[in-house]
Amino acid sequence: MNAYYNEHDPFAAAWLRELIRDGLIPAGDVDERDIQLVQPADLAGYEQCHFFAGIGGWAYALQLAGWSGPVWTGSCPCQPFSAAGKGAGFEDSRHLWPSWFRLIRECRPPVVFGE
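Residues numbered from 1 in each chain as written. Predicted model: local features only at pLDDT ≥ 70, side-chain atom pairs only at ≥ 80, totals over all residues. Heavy atoms only, no water.

## Notes on the packing of aromatic side chains
Okay, so step 1: Scanning the entire structure with this criterion turns up 10 aromatic pairs.
Okay, so step 2: Consider the rings of Y4 and F51, whose centres lie 5.7 Å apart with planes at 55 degrees: the pair is tilted. One end of the pair, Y4, is in strand β1 (residues 3–6); the other, F51, is in strand β3 (residues 48–51), and 47 residues separate them in sequence. Across the pair, F51 and Y4 agree in class, each one buried.
Okay, so step 3: Consider the rings of F52 and W100, whose centres lie 6.2 Å apart with planes at 85 degrees: the pair is edge-to-face. Placement of F52 in the loop between β3 and α2 (57–65) and of W100 in helix α3 (residues 97–107) is noted, with a sequence separation of 48 residues between them. Pair check on accessibility: F52 and W100 agree, each one buried.
Okay, so step 4: Here the aromatic cluster, defined as three or more aromatic residues joined through ring pairs, consists of Y4, Y46, F51, F52, W72, W97, W100 and F101. (Phe/Tyr/Trp six-rings, centres within 6.5 Å; stacked < 30°, edge-to-face > 60°. Helix = DSSP H or I, 4+ residues; strand = E, 2+ residues; numbered from the N terminus. Buried < 20%, exposed > 50% of the residue type's maximum accessible area, 1.4 Å probe, protein only.)

Written as structure tokens, this is what we have:
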């Protein structure tokens, strides 16, 4: 399997690479670009695509569940809407759902898990 992991935080991206190297999550490529720069063509050929990949929780959970087949996962940042945050909501630069939804709309993956 060839998986795509999008994670802009350098520490988390390095962690993903270690997990891949150790065989704990599916082999794949870690893209550290901001999701706003990712284009549909960048995702061609990947069976799994994990956005806001963090430390690989979705990939690991799918592996434990015995998942097979194409799937996209993502956990958009919640800070824009959190009561503990600044309350900027849709105006917060961390509101990245529109960027992920753009990719979903254009690529139309058969299964999407998100939170």
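## As for the pairing of β1
Okay, so step 1: Residues of β1 alternate between two faces, with A3 and Y5 on one and Y4 and N6 on the opposite face, all of them buried.
Okay, so step 2: The pairing of β1 with strand β2 (residues 28–31) spans four bridges and is classified as parallel. Within β2, the position partnered with Y5 by the bridge is V30.
Okay, so step 3: Regarding topology, helix α1 (residues 10–21) serves as the crossover connection from β1 to the parallel β2, and that connection is right-handed.
Okay, so step 4: Judged from the four bridges that link them, β1 and β3 form a sheet pairing that is parallel. Within β3, the position partnered with A3 by the bridge is Q48. (Pairing = 2+ DSSP bridges. Right-handed = clockwise from strand over helix to strand, strands pointing away.)

## Digging into the nonpolar core
A general tendency of soluble globular proteins is for nonpolar side chains to be buried together.
Okay, so step 1: Among the nonpolar cores identified, the biggest contains 14 residues, and L43, F51, W72 and W100 are the most heavily contacted of them.
Okay, so step 2: Contributions of two or more residues to this core are made by β3 and α3.
Okay, so step 3: Excluding its chain neighbours within four sequence positions, the residues that come into contact with F51 are Y4, N6, I35, L43, W72, T73, G74, S75, W100 and L103.
Okay, so step 4: Of all hydrophobic cores here, the second largest spans 10 residues; its members include Y5, I20, I25 and A53. (Core = buried A, V, L, I, M, F, W, Y, C linked by side-chain atoms within 4.5 Å. Contact = heavy atoms within 4.5 Å.)

## Quick notes on α3
Okay, so step 1: If you check which residues of α3 are buried, you get S99, W100, R102, L103 and I104.
Okay, so step 2: Close packing links the buried residues of α3 with β3, β4 (71–74) and β5 (112–114).
Okay, so step 3: Downstream of α3 by one or two residues, R108 has phi in the positive range, about 50 degrees.

## Comments concerning the side chain of S75
Okay, so step 1: Its place among the elements puts S75 in the loop between β4 and α3.
Okay, so step 2: On the basis of relative accessibility, which here comes to 18%, the residue S75 falls in the buried class.
Okay, so step 3: A distance of 2.8 Å separates the side chain of S75 from the side chain of W58, its partner in a polar contact.
Okay, so step 4: Excluding residues within four positions of it along the chain, S75 makes contact with F51, F52, W58 and E115. (Polar contact = N/O pair within 3.5 Å; in protein donor to acceptor, adjacent residues only side chain to side chain.)

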